[in-house]
Amino acid sequence: MTTGRETILGNIRKSLNRGPLSAERAAGPEHRLKAAKPNLVPARGAVEGAERVALFIAEAEKVDTTVSRVAAAAEVPGVVAAYLAAHDLPTALKAAPDPALADIPWSRQSTLAVRQGGPEGGDEVGVTGALAGIAETGTLMLVSGPHSPTTLNFLPDTHIAVLTTGAIDGTYEEAWARLRAAGSEGPEGAFMPRTVNLITGPSRTADIEQTLLLGAHGPRRLLIVIIDDQGP
Amino acid sequence: MAGQSPHVGLFVTCLVDLMRPSVGFAAVKLLQAAGCAVTVPAAQTCCGQPAYNSGDDEDARAIARRVIAAFEGFDYVVAPSGSCAGTIKVHYPRLFAGDTDMAKRAEDLARRTHELTSFLNDVLQVTDSKAEYRAKVTYHDTCSGLRELAVKTAPRALLGGVKGVELAESGGAETCCGFGGTFCVKYPDISGHMVDAKADDVIASGADVLLGGDLGCLLNIAGRLKRRGAAVGVRHVAEVLAGMTGGPAIGEGEG
Amino acid sequence: MESTSRTFEDNARKALIDADLRRALTKLGHGFPVKRRMAVERLPEFEGLRDAARAIKEDVLENLDFYLERFEERVVEQGGQVHWCVDAAEANQAVLAICQEAGARTVTKSKSMIGEEIAINEHLEANGITPVETDLGEYIIQLRGEPPSHIIAPAIHLSMDQVTETFRQCHDGLAADRELSEPRDLLEEARAILRQKFLAADVGITGANMLIAETGSVAVVTNEGNADLTMTLPRVHVVIASLEKVVPTLEDATTILRVLARSATGQETSVYTTFASGPRRPGDSDGPEEFHVVLLDNGRGAMLGGDFHDVLRCIRCGACLNHCPVYGTIGGHAYGWVYSGPIGAVLSPGLIGLEEAGHLPNASTLCGKCEEVCPMRIPLPKMLRHWRTRQFDRDLVPPASRAALKGWAFLAKRPALYRAATGLAMRLLGALGRRRGAFRRMPLAGGWTAARDLPAPEGATFMAQWSRRKGARP
Ligand code: SF4
């Protein structure tokens, strides 16, 4: 009995008038996969330093993300507390079990009750790190792993992501390069975490009479706190 | 340019031939004024688009063969229609894709064929016009002309040289009017709604006259405007460029 | 789903008098196309990106078998499974088997056009499993038992009042006098109900915007975040995707993503783009335990290299619908099946048969706007013509139309006869119409004159006048 796999591959090859690719003909696509390289990259993201951070912030704000910039990790709790107060939000936070977040002196802000761990029902405010920011479109790149449960990016009503300026890339291609570099050793392709979330603003829908509403299924609001790690 | 005036074969198009011959004469006048020797081959009828668009490739090919033969030897072939010029320029070569000899001849004809305003403006680079037309006009970009032949600036540039013309662009100038050749006969209800939207757009532009480069679309839009009792005249752009606007506009009577 | 494409003309007529639909379509016309234009104007490289995106897909199609095998290898390495399904029945069976194996009672679903194509919901329901659509638009039409009317905005045809009515009817156990007068009220109600469904589901089914051969990842794009909850919360994640969705690398996916949202909604990018690669890993505190990709052919492999090859580049962005003057006039339901607009008119005859969907390729003016905006530069009008040719060749054209066409072609091939016949007719019509300049009614042209006058010909044809003039001159 032929399997669906054989039938389908057979159909494809029949249409293409050939058998399986010879080693020689496979070299092209093989190389394409191995040496993944950028195609045309828009110039918009080709900015450095302060300009890049500014672009990231401007693009993020265009899609209803709130962005706060602080000079040091120590200032994060204050900014977060102020944000929550301004929006009249609960002050119990669930932070991802991310060592970088543990370094933040949360206890300095007595109004905040921070617990680290995976999400549970009822978490209203989630705090996560991010592998990268992408200035081109004001996008966050978050990756799953023991330190960063994916559900924390989606279940709480409010998502707070903490990012350093050094983690902000200009383009998607740079962020992929960062991911590849951060990836585990192991077989090729294995740099890829189980889940990569590219997040650009809070959840939204326009399915009812094309009216734009925030907070469809994911977070209703997104705060990105950027910590300056490039000096003054 | 005496002695070397380009020899143009005029492809009249079936709709101009039958419905509004004055557009054909306007085209002749414009071409001659631009220094061309104009011939109208008697063997022409239609470009075959009705057959081609209806999937009747065999008849489309048979008609195309005749057109190709009738227009061999001219320096240029010009049609006062983006749609018919598009059929010759874009689709004839496709029709003969499997037949090298015919494909070559079709390519050759395609290379020499132009829509009227684009020929005058882009090829001959006509700038001066003796015409005068005191009216606020709006322009409808007919689909084939616009998307198959990129006719967009040519008619506007030429109209810019006509004394008295004020151009009022409409928001939907590039939106299809719903004519679509056989479409308007096969799906009259949908087509009727589309042309009604087009009429809204034309009226909203505040123009006295709608101009365009394809008679099919113009008959459609004029028909709808007239049915609505709108006081907007409709003319082929060639009439205005040639200063031949003495007769009634499309769909208007003599009394 | 049962197709109603055969009654396209009636469907369209109904659509033309549906006031809610007319309002929605007007809004659509002023929405997506305007936003797309603004996004395109902001990105100088847009046209270049279209070329690049097209080139990527052409490379994929040329090496489709290779990339699919690579994709599968990576998925398997990561602990997932690929199910190769030749047709809709096989795909339905594969999904059902996975659900049954998991002992599933309810499954959540994020929007998938392939799911619509194979009618997976009907199949699951028939087997006692309850599928719950989670994209808000898709959820609304599921409650109403309707097919999507747009490939990216499935409930675009509905007014808020219609949604309110549906929620009152379908959401049991809520106060009858609750406030549902604003879109926000409706969203909140749906969000609360669906949140429970997300948490309770045993299996989550998503579609895929792309499959990445390099990494064995599935890329899924949404604005709501529903796909993420669908794939992360249940024990089992099932992806249903057609085989042409594969792309080589993450960089290639990025290029396509750059044109996708801009073409679709005019956004710079969608809110959530997720790359999912296999099941939960050691140390993960969430994520599915099983990861399945149901890979569907359904005639696509056979399209490679043929007349409809180019359509395999489609990324289902919906731009061709948003800009189509016919879609904008009648909406999506008139097309009678899952896919509507220009892409639907090209796909449907291949999927449900030319006999069934014969109207669709004809219900187009071939204005070319779809091709102008298609990010993947698919020559949709050319494909519509291919269907028309097949229809004509297979004698599927109504006899009256065929006879009229043949009559015209007969004359067009015989200039002398043509001249005699048309010359006489035009002189007659010209004389009849001279005074008013147009006819209100005309035998055999009832379609035309229902909505518009028929401008009268001037009289003698150009060719008749020309030969007279030439005769008069030396
Ligand atoms: S055919 Fe082109 S425009 Fe239409 S949905 Fe597909 S990719 Fe988008």
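Sequence positions are assigned chain by chain, starting from 1 and proceeding in written order. By the order in which they are written, chains take letters starting at A while ligands take numbers starting at 1. For this predicted model, a pLDDT threshold of at least 70 governs which residues receive local features, and a threshold of 80 or more governs which side-chain atom pairs are given and counted, while totals over whole chains, interfaces and linings are taken from all residues. The side-chain numbers reported here are obtained from all heavy atoms of the structure, hydrogens and water having been left aside.

K.L.:
Residue-level account of the overall build of chain A, with values.
P.N.:
Scanning chain A for helices and strands turns up 6 helices and 12 strands. The rule is simple: take the accessible area with a 1.4 Å probe, protein chains only, and divide by the maximum for that residue type; under 20% is buried, over 50% is exposed, in between is partly exposed. Counting the 232 residues in chain A, one finds 52% classified as buried. What makes two residues a contact is simply this: any of their non-hydrogen atoms within 4.5 Å. By sequence separation, contacts in chain A at least 24 residues apart represent 70% of the contacts at least 6 residues apart. Computed with the Shrake-Rupley method and a 1.4 Å probe, the accessible areas treat only the protein chains shown as cover for residues. Surface accessibility of chain A: about 9,500 Å² in total, with carbon and sulfur atoms responsible for 55%. Just so you know, the count uses Lys and Arg for positive and Asp and Glu for negative, and it drops His and the chain ends. A single reference atom marks each charge: NZ on Lys, CZ on Arg, CG on Asp, CD on Glu. Mean positive and mean negative side-chain charge positions of chain A (21 and 26 charges, respectively) differ by 9 Å. Put simply, DSSP marks the helices as runs of H or I at least four residues long and the strands as runs of E at least two long, and each gets a number from the N terminus on.

K.L.:
Which residues make up the environment of His87 of chain A, and what values do they have?
P.N.:
Its place among the elements puts His87 of chain A in the loop between α4 (76-86) and β2 (92-95). The sequence separation of His87 of chain A and Arg194 of chain A amounts to 107 residues, and the corresponding C-alpha distance is 33 Å.

K.L.:
If you had to explain the interface of chain C and chain B to someone new, which residues and values would you point to?
P.N.:
Chain C puts 62 residues into the contact, and the matching count from chain B is 66 residues. Together, the buried faces of chain C and chain B total about 5,600 Å²; carbon and sulfur atoms form 59% of this surface. When two components associate, each loses some accessible surface as probed by a 1.4 Å sphere; the sum of these losses over both components is called the buried area. Looking at the side of chain C facing chain B, the largest losses of area belong to Arg385, Arg452 and Phe462 of chain C, adding up to 13% of the total buried there. Every case where a carboxyl oxygen of Asp or Glu lies within 4 Å of a side-chain nitrogen of Lys or Arg is listed as a salt bridge. Taken together, the links from chain C to chain B amount to 7 salt bridges. Between Arg13 of chain C and Asp189 of chain B there is a salt bridge, with the nearest N and O atoms lying 2.7 Å from each other. Definition of a polar contact: a pair of N or O atoms within 3.5 Å, with one able to donate and the other able to accept a hydrogen when the atoms are protein atoms, and with sequence-neighbouring residues admitted only if both atoms are side-chain atoms. Taken together, chain C and chain B are joined by 29 residue pairs in polar contact (both at pLDDT 80 or more).

K.L.:
Pulling in residues and values, what's your account of the confidence of the model for chain C?
P.N.:
Scored by pLDDT, chain C has a mean of 94; 99% of the residues are at 70 or more. Overall fold confidence (pTM) sits at 0.95, and the ipTM for the predicted complex is 0.96. Note: pLDDT gives the predictor's confidence per residue, expressed from 0 to 100.

K.L.:
Could you give an account of the sheet that holds strand β4 (residues 113-115) of chain B, with specific residues and numbers?
P.N.:
Residues and elements named next belong to chain B. Spatial strand order, β2-β1-β3-β4: 4 strands in an open sheet with parallel pairing. Unpaired on one side and paired on the other, β2 (37-39) and β4 mark the two borders of the sheet. Looking at each pair of strands side by side, their axes are set apart by 35° on average, direction ignored. A pair of strands is treated as paired once DSSP finds two or more bridges between them. Pairing of strand β1 (residues 7-10) with β2, which is carried by 3 bridges, proceeds in the parallel orientation. Paired with Gly9 across the two strands is Thr39, which belongs to β2. Angles run from 0 to 180 degrees between N-to-C directions of axes, and those axes are lines fitted to C-alpha atoms, restricted for helices to the stretch in contact.

K.L.:
So what's going on with the packing of aromatic side chains? Which residues, and what values?
P.N.:
Here a Phe, Tyr or Trp ring, Trp counted by its six-membered ring, pairs with any other such ring whose centre lies within 6.5 Å, and the pair is stacked when the planes are under 30 degrees apart, edge-to-face when over 60, and tilted otherwise. Under the definition given, this model contains 18 aromatic pairs over all chains. Each ring, one from Phe25 of chain B and one from Trp466 of chain C, has its centre 6.3 Å from the other, and the planes form 40°; the classification is tilted. Taken together, the residues Phe25 of chain B in helix α2 (residues 21-33) and Trp466 of chain C in helix α23 (residues 462-472) connect one chain to another. Its relative accessible area of 8% is what places Trp466 of chain C among the buried residues.

K.L.:
Kindly report on the pattern of salt bridges, identifying the contributing residues and their values.
P.N.:
This model, assessed by the stated rule, comprises 76 salt bridges over all chains. A salt bridge links Arg191 of chain C to Asp157 of chain A, with the nearest nitrogen and oxygen atoms 2.8 Å apart. In this pair, Arg191 of chain C is assigned in helix α11 (residues 183-200) and Asp157 of chain A in the loop between β6 (139-143) and β7 (158-164), connecting two distinct chains. Residue Asp157 of chain A is classed as partly exposed on the basis of its relative accessible area of 21%. Between Glu72 of chain B and Arg105 of chain B there is a salt bridge whose closest N-O contact spans 2.9 Å. Here Glu72 of chain B is found in the loop between α4 (57-70) and β3 (76-79), whereas its partner Arg105 of chain B is found in helix α6 (residues 100-112), with 33 residues between them in sequence.

K.L.:
Before we move on, can you summarise unusual backbone geometry with the specific residues and values?
P.N.:
Residue and element names in this part refer to chain C. In this structure, Leu366 is a non-glycine residue whose phi angle is positive, near 60°. Residue Leu366 is classed as buried on the basis of its relative accessible area of 12%. Of note, the phi angle at Asp395 is positive, near 60°, even though the residue is not glycine. For Asp395, the position within the fold is in the loop between α19 (380-393) and α20 (399-412).

K.L.:
Which residues make up the site of the ligand, and what are the values?
P.N.:
Cys314, Cys317, Gly318, Cys320 and Cys374 of chain C are the nearest of the 13 residues found near the ligand. The nonpolar class holds Ala, Val, Leu, Ile, Met, Phe, Trp, Tyr, Cys and Pro. Asp, Glu, Lys and Arg form the charged class, and all remaining residues, Gly among them, are polar. Across the shell around the ligand, the residue classes tally to 11 nonpolar, 1 polar and 1 charged. We call a residue near a given molecule or strand whenever any one of its heavy atoms falls within 4 Å of it.

K.L.:
Before we move on, can you summarise the sheet that holds strand β1 (residues 81-85) of chain C with the specific residues and values?
P.N.:
Residue and element names in this part refer to chain C. Taken together, the 6 strands give an open sheet; going across it, the order is β1-β10-β7-β4-β2-β3, and neighbouring strands pair in parallel fashion. The two strands at the open ends of the sheet, each matched to only one other strand, are β1 and β3 (130-133). Going across the sheet, the axis of each strand differs from the next one's by a mean of 25°, ignoring polarity. In this structure, strand β4 (residues 203-206) lies alongside strand β7 (residues 236-242), joined through 4 bridges in parallel fashion. From the neighbouring strand, Val203 faces β7, where its bridge partner is Val236.

K.L.:
Describe in detail the interface of chain A and chain C, supporting the description with residues and values.
P.N.:
Listed as interface residues are 77 residues of chain A and, on the opposing side, 97 residues of chain C. Carbon and sulfur atoms supply 54% of the area that chain A and chain C bury against each other, a total of about 7,300 Å² over both sides. Area buried by chain A at its contact with chain C is led by Leu33, Arg194 and His217 of chain A, which between them contribute 13% of it. The tally of links from chain A across to chain C stands at 20 salt bridges. Residues Arg258 of chain C and Glu173 of chain A are paired through a salt bridge, measuring 2.7 Å at the closest nitrogen-oxygen approach. Within the residue set of the side of chain A that touches chain C, elements represented by two or more residues are α1 (4-15), α2 (23-34), α3 (49-62), α6 (172-182), β9 (195-199), β10 (204-205) and β11 (213-214) of chain A.

K.L.:
Provide a residue-level description of the environment of Gly80 of chain C, including the pertinent values.
P.N.:
Residues and elements named next belong to chain C. For Gly80, the position within the fold is in the loop between α5 (64-77) and β1. Considering only alpha carbons, one finds Gly80 and His237, 157 residues apart in sequence, at a separation of 9.7 Å. Those residues in contact with Gly80 that lie beyond four places of it in its chain are Val75, Pro279 and Phe291.

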